[in-house]
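# Residue-level structure breakdown
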Amino acid sequence: MGAVCDRLDELDHLGDGCDRGLVAALRFVLVCHQPTSRRRCRACRHQSARRLWRSRRWPCPVWLQVHYELIGPFAGGRHRQQ
Ligand SMILES: [Zn+2]
């Protein structure tokens, strides 16, 4: 989350050139899709073979896509922070 957060802060501070509502919306999405202590997404669910709803493993597709659009491919948490 660190690098994505930094990027959002950057966009937020650009001011006029950037849609602040958009940054706020993205931030909200990311907050909803934070990992739990067990590395599960708080928001995403998938149905197991026994038709039980389970938390999806983190990073989930939503988080990965936002990360990809803002920074690039997610390298499993080992990426360099800018
Ligand atoms: Zn998620």
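It should be emphasised that the depicted structure is a prediction, and the values quoted were computed from it without experimental measurement.

### Describing the coordination of the zinc ion
- Donor atoms from the polypeptide that bind the zinc ion are His33 (ND1), Cys41 (SG), Cys44 (SG) and Cys60 (SG), placed at 1.9 to 2.3 Å.
- Along the chain, the residues donating to the zinc ion fall in the pattern H-x7-C-x2-C-x15-C. For the pair formed by His33 and Cys41, the shared burial category is buried.

### Observations regarding the nonpolar core
- Among the nonpolar cores identified, the biggest contains twelve residues, and these are Val4, Leu8, Leu11, Val23, Leu30, Cys41, Cys44, Trp58, Cys60, Trp63, Val66 and Leu70.
- Only helix H1 (2-14), helix H2 (20-32), strand E1 (40-47) and helix H3 (61-70) provide two or more residues apiece to this core.

### Structural notes on the pairing of strand E2 (residues 53-57)
- By the bridge criterion, four bridges tie E1 to E2 in an arrangement that is antiparallel. Looking at the pairing, Arg45 lines up with Ser55 of E2.
- The antiparallel hairpin formed by E1 and E2 contains five residues in its connecting segment, where Arg51 sits at a positive phi of about 65°.

### Focus: the pattern of salt bridges
- With the rule as written, the count across this model stands at four salt bridges.
- A salt bridge links Arg20 to Asp12; its shortest N-O distance comes to 3.3 Å.
- With a relative accessible area of 49%, Arg20 lands in the partly exposed category.
- Among the residues examined, Asp12 registers a relative accessible area of 19% and is labelled buried.
- Taken together, the shared-partner salt bridges connect Asp9, Asp12, Arg20 and Arg27 into one network.

### Section: unusual backbone geometry
- A cis geometry characterises the amide bond from Trp58 onward to Pro59, with omega recorded as 0°.
- Examined against the element boundaries, Pro59 turns out to sit in the loop between E2 and H3.
- Even without being glycine, Arg39 reaches a positive phi, approximately 60°.
- With respect to the element layout, Arg39 can be found in the loop between H2 and E1.
- With a relative accessible area of 46%, Arg39 lands in the partly exposed category.

Parameters and conventions
What you see as residue numbers is a count from 1 along each chain, following the sequence as written. The predicted origin of the model limits local features to residues at a pLDDT of at least 70 and limits the giving and counting of side-chain atom pairs to 80 or more, whereas totals for whole chains, interfaces and linings rest on all residues. As a rule here, side-chain values cover all heavy atoms of the structure and leave hydrogens and water aside. In this analysis a donor is any N, O or S atom within 2.8 Å of a metal ion (3.2 Å for sodium, potassium and calcium), and since water is not included, sites may seem incomplete. Partly exposed describes any residue whose relative accessible area lies between the buried limit of under 20% and the exposed limit of over 50%, with all areas from a 1.4 Å probe on protein chains only and scaled to the type maximum. Take the buried residues of types Ala, Val, Leu, Ile, Met, Phe, Trp, Tyr and Cys, join any two whose side-chain atoms come within 4.5 Å, and each joined set is a nonpolar core. Secondary structure counts use DSSP, requiring at least four H or I residues in a row for a helix and at least two E residues in a row for a strand, with both numbered from the N terminus. By this definition, two strands are paired if DSSP reports at least two bridges between them. Salt bridge, as used here: a side-chain nitrogen of Lys or Arg that lies within 4 Å of a carboxyl oxygen of Asp or Glu.

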